[in-house]
Amino acid sequence: MESCNIHLYFQLSLALFAFVELAVGDEKELTVTVGGVETLSCLISRQLPYDRPVSWYWTAMYPECSGSTGGKILDIYPDGRTVFEEEFKGRVLVYRSRVKKGDYSITIRGIKIPDSGEFICAHEYLSDEKKVRLIVKPGCWSNLYLTVEPPVASIGDKVTLTCTYCGTKLVTPRIKWQYDGLAVSDTGVVSITNGGHSLVISHVDQEHLKKYGCSMAKKESIVTEICLNIVGTHDVEHNASNPNDDVPSSEVPETRDAVQMQSENDDNDAKGSTDGMNAGMQEPNKNEDEDENTSPIEMKEADVKDSSHVEESEDGKLQGDQQ
């Protein structure tokens, strides 16, 4: 009986320790410059079942601009296996040898302003979550620096976007503008000034929430992006697409909770296929190479390449090699 009590105490201690690892402090906020690399930490000391993954989720800060409200990023199994979703696919690194030691951190590279938002690390056996709020600020990306003034606007304000060359060559490239992936031309509300380097919106509203971008005329496929932060429009847009339009605003859940609920529903829909996969899984091979430190997925470059190239060193850390 005494040995059983000791065993139970040990298990409860491990569970509590895991809970503390995930719940330290309030939501952490990180600020990173566009094009950068950032590691989001998630440490779990408790030994987890090999067939129950730790999951990372993302809730977009600018859903109209990013083209997504968010969702699951990936599942990380305790033996180091990963299952990626479409969100951030090809831009997330997982260190397999560290996962086996309880480190479920992920590294995101080629960060873009639409990536801003809340990231959550969670496991079904743990009662709390690790939350990280990522804020992406403008910077030199693919030799262009795109800014917006004012940074925070209200409906009806005048907003000016400026695209400046920040490369090393003594050139003044011709700039082309995009909105939601389409070319922008002068209209009654939007005008292009300053020799093509500025885009002015005379009266901003919710119709301007999608992604703006600028590129050099000779490299139109390499686009520097930015999102407009227009006060009061996010709630209008969410309510317009919410099936509970007629529900009073006091009864409509917060955006982050609603997105999390949607993610859970999506996970439940996929549970059947996932359970089938898990049923066929066997205990991982104990002789597996412990030095393998990246996920099996091929790491492709971000869809927008920066002038700085990210390389992975032998120990799995990312390094930036400025050109």
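Up top you'll find the structure we're talking about.
From a predicted model like this one, the values you see are computed outputs, not experimental measurements.

**Remarks on the overall build of the chain**
Stage number 1. Across its full length, the chain holds 6 helices and 22 strands.
Stage number 2. When each of the 323 residues of the chain is scored for burial, the buried share is 42%.
Stage number 3. Intrachain contacts of the chain at a sequence separation of at least 6 include 63% that bridge at least 24 residues.
Stage number 4. Of the roughly 17,800 Å² of accessible surface on the chain, 49% is carried by carbon and sulfur atoms.

**Observations concerning the pattern of salt bridges**
Stage number 1. In total, this model carries 9 salt bridges according to the counting rule given.
Stage number 2. In this structure, Arg-52 and Asp-51 form a salt bridge, with 3.5 Å as the shortest nitrogen-oxygen distance.
Stage number 3. Given the relative accessible area of 25%, Arg-52 is considered partly exposed.
Stage number 4. Linking Glu-225 and Lys-211 is a salt bridge whose minimum nitrogen-to-oxygen distance equals 3.6 Å. Remark: Lys-211 occurs in the loop between strand E17 (198–201) and strand E18 (212–216) and Glu-225 occurs in strand E19 (residues 224–226); sequence separation between them is 14 residues.
Stage number 5. For Glu-225, a relative accessible area of 13% gives the class buried.
Stage number 6. Given the relative accessible area of 24%, Lys-211 is considered partly exposed.
Stage number 7. Salt bridges sharing common partners tie together Asp-51, Arg-52 and Glu-124.

**Description of the nonpolar core**
Stage number 1. The biggest cluster of nonpolar side chains holds 58 residues, and the ones touching the most others in it are Trp-56, Phe-119, Leu-161, Trp-177 and Leu-228.
Stage number 2. In this view, Leu-161 contacts Leu-146, Thr-147, Val-148, Trp-177, His-197, Ser-198, Leu-199, Ile-201, Tyr-212, Ile-226 and Leu-228; residues no more than four positions away in its chain are not counted.

**Structural notes on empty space enclosed by the protein**
Stage number 1. Under the criterion given, the structure shown has 2 cavities of 30 Å³ or more.
Stage number 2. What the second largest cavity holds in volume is close to 40 Å³.
Stage number 3. What lines the second largest cavity is simply Val-148, Pro-150, Pro-151, Val-152, Ala-153, Val-159, Leu-228, Asn-229 and Ile-230.
Stage number 4. Mapped onto the lining of the second largest cavity, the elements with two or more residues apiece are strand E12 (152–154) and strand E20 (229–231).

**Structural notes on the sheet that holds strand E4 (residues 70–76)**
Stage number 1. Strand order across the open sheet formed by 6 strands is E1-E9-E8-E3-E4-E5, with mixed pairing between neighbours. A strand with exactly one partner marks an edge of an open sheet, and here the two such strands are strand E1 (28–33) and strand E5 (82–84). Neighbour to neighbour, the strand axes of the sheet diverge by 20° on average, direction disregarded.
Stage number 2. Both E1 and strand E9 (residues 130–137) contribute to a ladder of 6 bridges, which runs parallel. By the bridge assignment, Glu-29 is partnered in E9 with Arg-133.

**A word on the side chain of Ser-105**
Stage number 1. Of note, Ser-105 is situated in the loop between helix H3 (96–99) and strand E7 (106–108).
Stage number 2. Within polar-contact distance, the side chain of Ser-105 engages the backbone nitrogen of Cys-42 at 3.1 Å.
Stage number 3. Within polar-contact distance, the side chain of Ser-105 engages the side chain of Asp-103 at 2.5 Å.
Stage number 4. The contacts of Ser-105, once residues within four sequence positions are left out, are Thr-39, Leu-40, Ser-41, Cys-42, Leu-43, Trp-56 and Leu-93.

**Quick look at the pairing of E9**
Stage number 1. Only one face of E9 is covered, namely the one carrying Lys-130, Val-132, Leu-134 and Val-136; the face carrying Lys-131, Arg-133, Ile-135 and Lys-137 has none of its residues buried.
Stage number 2. Of the pairings in the sheet, the one linking strand E8 (residues 117–122) to E9 comprises 5 bridges and is antiparallel in character. In the strand pairing of E9, Ile-120 is matched with Lys-131.

**Some points on the sheet that holds E18**
Stage number 1. Strand order in the open sheet formed by 4 strands is E15-E14-E18-E19, with antiparallel pairing between adjacent strands. The open sheet terminates on both sides in strands that have one partner only, identified here as strand E15 (182–183) and E19.
Stage number 2. With 5 bridges joining them, strand E14 (residues 175–179) and E18 adopt antiparallel strand pairing. Across the sheet, Gln-178 pairs through a bridge with Gly-213, a residue of E18.

**Thoughts on the environment of Ile-155**
Stage number 1. Looking at the element boundaries, Ile-155 is found in the loop between E12 and strand E13 (159–165).
Stage number 2. For Ile-155, a relative accessible area of 48% gives the class partly exposed.
Stage number 3. Here the alpha-carbon distance between Ile-155 and His-208, two residues 53 residues apart in the chain, equals 10.0 Å.

**Here we look at the state of the cysteines**
Stage number 1. Within the structure shown, the criterion is met by 4 disulfides.
Stage number 2. Residue pairing for Cys-140: its cysteine sulfur links by disulfide to Cys-166, the two sulfurs lying 1.9 Å apart. Since a negative S-S torsion denotes a left-handed disulfide, the Cys-140-Cys-166 link at about 90° is right-handed. Of this pair, Cys-140 sits in strand E10 (residues 140–141) while Cys-166 sits in the loop between E13 and E14, placing them 26 residues apart in sequence.
Stage number 3. Among the residues examined, Cys-140 registers a relative accessible area of 30% and is labelled partly exposed.
Stage number 4. Among the residues examined, Cys-166 registers a relative accessible area of 27% and is labelled partly exposed.
Stage number 5. Here Cys-163 is linked by a disulfide to Cys-214, with a sulfur-sulfur distance of 2.0 Å. Across the S-S bond linking Cys-163 and Cys-214, the dihedral sits near 70°, which makes this disulfide right-handed. With Cys-163 in strand E13 and Cys-214 in strand E18, this pair connects stretches of sequence that are 51 residues apart.
Stage number 6. Look at Cys-163 and you get buried, because its relative accessible area is 0%.
Stage number 7. The exposure class of Cys-214 is buried, given its relative accessible area of 1%.

The rules behind the values
Residues numbered from 1 in each chain as written. Predicted model: local features only at pLDDT ≥ 70, side-chain atom pairs only at ≥ 80, totals over all residues. Heavy atoms only, no water. Helix = DSSP H or I, 4+ residues; strand = E, 2+ residues; numbered from the N terminus. Buried < 20%, exposed > 50% of the residue type's maximum accessible area, 1.4 Å probe, protein only. Contact = heavy atoms within 4.5 Å. Areas by Shrake-Rupley, 256 points an atom, 1.4 Å probe, with all protein chains shown as cover. Salt bridge = Lys/Arg side-chain N within 4 Å of Asp/Glu carboxyl O. Core = buried A, V, L, I, M, F, W, Y, C linked by side-chain atoms within 4.5 Å. 1 Å grid on protein atoms, 1.4 Å probe; cavity = no way out; pocket = protein on both sides within 12 Å on 5 of 7 lines; lining within 4 Å. Points joined across faces, edges and corners; volume = space filled by probe spheres on them. Pairing = 2+ DSSP bridges. Axes fitted to C-alpha atoms, helices over the stretch in contact; angles between N-to-C directions. Polar contact = N/O pair within 3.5 Å; in protein donor to acceptor, adjacent residues only side chain to side chain. Disulfide = S-S within 2.5 Å.

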